[in-house]
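Coordinate analysis (summary)
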Amino acid sequence: MNYISWSKIQVNPTNMQQNCPRDTQVALPPPLADAEAARRDMAGVALRTPLLPAPALSEMLGREVLLKMETMQPSRAFKLRGAATAIARLNPAARAKGVVCCSTGNHGRAVAYAAQQSGIRAVVCLSELVPPNKVAAIEALGAEVRRIGRSQDEAAVEVARLVAEEGMTDIPPFDHPDIMAGQSTIALEMLEDRPDLAHLVLQLSGGGLAGGMARVAKAMNPAIRITGVSMQHGAAMAASLKAGRPVDVDEPHSLADSLGGGIGLHNRFTFAACRDHIDDHWTVSEAEIYRAMQTLYYRERLVSEGGAVAGLAALLAGLDGSGPVGLVITGDAVDMAQFNAIMAGQDVTLGETILKGQPWQL
Ligand SMILES: *Cc1c(COP(=O)(O)O)cnc(C)c1O
C-alpha cells in the first residue's frame, strides 16, 4: 500500500512527486465498488448505524426527516469509518510500525480506537496547550500521547518526523481515498435502507464526509440532491469552491468546533469531489446551530455536538426542498457544561465573544 503522508505534503510540498510518484496519478476507484470494499474493510470496528425516523422534526419541517445516527459508533462519531478503513488497508510492514495523527477531536479518537481494535500502535501528537481531560480521553483509548510545542503546527511537525524517521503511517482526517471511501459507506447504508431519499443535507468541513457520500449517493441515484452546510464564518471548503481552488479562511470560535480547520492548500481529493458532486451550499449562524442543538434534544431526545447539527440548522433556517430528507448526526463530543447551558437557554462564551442565549420554544 502506497500510503501518502498528509503532513509530509504540507511541510514539504515540493517533495510530493518524489515521495509518492504512483499515488499522485491514482484516480479514485468507481464510487459504489469503493464503498462496498470499505464496508468489508471496516467491518468489526465501525458499525452499521440505524437510520431513525424523526416524527417531531418531520412535522416541524413538513417533510419526512431521517437521521443517520453516527453518534452510536463506538468512538461516538462517523470518523471511525474512515480511520478503520485506512488502518485495515495497511500492509503488514506498516501495521508493525503503527499509525500517527495530530487531531484532538473526533478523528484522533477514531484513530486511537481503530488502532486499539486492530492491535496496532497509535501515537497522537498534541500541543502542550491541549487540556488534560482531552489527553486522558485519548490515552484511555490506548493511544500514546506526545505533547509537543504550543501549537498544532508544531505537533504536525512531530507527526512528519515520526513518519520520516520511524516509518509510522500518518492517517489524515479527510483528504485521502481510504478516508473518503470509509465515510462514503454512510451514503451506501442510507440509500440501501431508504432508496427513496430525495435530498441529503450534509455537514461540510474538510469534505471527506460530504464529498465521499455525494460520490456514492449520485452513483446510486443520479437525481438525489446533495446540499453541503458549513458555518457562516470559517467555511474553508465553501470559500475554496467559490475561489475555484483551495484557500485558507479566518476561523473564529464556533459551537461547531468539529467543522473547523482548512482543507489544505494542496488538497488532492476532497475539493474535486465536493466541486463535482455537491449540488448546493448553505451556511448557518451560531444562533442557528444553538437552536438546532436544542431542537434535536427537545423534539427527538438526542444529544449532539454543534458540528453534528449544521444540516438540521439549515433546514430549520429555511433551506427548502421536497421529498424525504436525510441528515447525518455526525458526533456528540460536546462539553456537557456547554450542552446544559444551551438546553437551559443560557449565554455561551465562544473565545472572545458571547453568544446570546435563547430559551427553547417551539
Ligand atoms: C469531522 C466532522 C465533520 C466534517 O467532516 P469532514 O469530512 O471534515 O467534512 C462533521 N461533523 C463532525 C462531528 C465531525 O467530527
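Residues numbered from 1 in each chain as written. Predicted model: local features only at pLDDT ≥ 70, side-chain atom pairs only at ≥ 80, totals over all residues. Heavy atoms only, no water.

Right, let's get into the overall build of the protein. Counting secondary structure elements, the protein contains 16 helices and 12 strands. The C-alpha atoms of the protein give a radius of gyration of 19 Å, which matches the 21 Å a tight globule of 362 residues would have. Buried residues in the protein amount to 54% of all 362 residues. Intrachain contacts of the protein at a sequence separation of at least 6 include 74% that bridge at least 24 residues. When the accessible surface of the protein is summed, it comes to about 14800 Å², and 52% of that surface belongs to carbon and sulfur atoms. Charge-centre separation for the protein: the mean point of 32 positive side chains lies 3 Å from the mean point of 38 negative side chains. (Helix = DSSP H or I, 4+ residues; strand = E, 2+ residues; numbered from the N terminus. Rg over C-alpha atoms; globule rule 2.2 N^0.38 Å. Buried < 20%, exposed > 50% of the residue type's maximum accessible area, 1.4 Å probe, protein only. Contact = heavy atoms within 4.5 Å. Areas by Shrake-Rupley, 256 points an atom, 1.4 Å probe, with all protein chains shown as cover. Lys, Arg positive; Asp, Glu negative; His and termini not counted. Charge placed at Lys NZ, Arg CZ, Asp CG, Glu CD.)

We now examine the side chain of His199. Position of His199 relative to the elements: it lies in strand β7 (residues 199-203). Accessibility expressed as a relative area gives 1% for His199, which makes it buried. A polar atom in the side chain of His199 sits 2.8 Å from the side chain of Thr227. (Polar contact = N/O pair within 3.5 Å; in protein donor to acceptor, adjacent residues only side chain to side chain.)

The next thing to look at is the pairing of β7. Taking burial as the measure, the five residues of β7 include five buried ones, the bulk of the element. Residues His199, Val201 and Gln203 point to one face of β7 and Leu200 and Leu202 to the other, with burial holding for every one of them. Where β7 and strand β8 (residues 225-231) come together, five bridges link them in parallel fashion. The residue of β8 that forms the bridge with Leu202 is Gly228. Between the parallel pair β7 and β8, the chain is carried across by helix α11 (residues 208-220), and the sense of this crossover is right-handed. By the bridge criterion, three bridges tie β7 to strand β10 (residues 325-329) in an arrangement that is parallel. Each bridged residue has a counterpart across the sheet, and for His199 the counterpart in β10 is Val325. (Pairing = 2+ DSSP bridges. Right-handed = clockwise from strand over helix to strand, strands pointing away.)

Taken N-terminus to C-terminus, the directions of helix α10 (residues 177-193) and α11 make an angle of 45 degrees; their axes are 7 Å apart at the nearest point. If you check the angle between α10 and α11, you find them oblique. Two packed elements cross with a definite hand, and for α10 against α11 that hand is right-handed. Contact with α10, carried on its side by Met180, Gln183, Ser184, Ile186, Ala187, Leu188, Met190, Leu191 and Glu192, involves Gly208, Leu209, Gly211, Gly212, Met213, Arg215, Val216, Ala217 and Met220 of α11 and no other residues of that element. Looking at the contact of α10 with α11, its residues break down into 11 nonpolar, five polar and two charged. (Axes fitted to C-alpha atoms, helices over the stretch in contact; angles between N-to-C directions. Parallel < 35°, antiparallel > 145°, perpendicular 65-115°, else oblique. Left-handed = near helix turned anticlockwise from the far one by under 90°. Nonpolar A, V, L, I, M, F, W, Y, C, P; charged D, E, K, R; others polar.)

Attention now moves to the site of the ligand. Close to the ligand lie 16 residues, the nearest being Lys79, Asn106, Gly206, Gly207 and Thr330. Here an oxygen atom of the ligand sits 2.8 Å away from a polar atom, N or O, in the side chain of Asn106. With respect to the ligand, the backbone of Ser205 contributes an N or O atom lying 2.9 Å from an oxygen atom. Contact with the protein chains hides 97% of the accessible area of the ligand, taken as 390 Å² for the molecule alone. Residues that form the shell around the ligand fall into these classes: four nonpolar, 10 polar and two charged. (Near = heavy atom within 4 Å.)

Counting all residues, the mean pLDDT for the protein is 91, and 93% of those residues have values of 70 or more. The least confident element of the protein, judged by mean pLDDT, is helix α1 (residues 6-11) at 31; the most confident is β10 at 99. Note that pLDDT drops below 50 for residues 1-25; the model gives that stretch 47 contacts with residues more than four away or on any other chain. (pLDDT = per-residue confidence, 0-100.)

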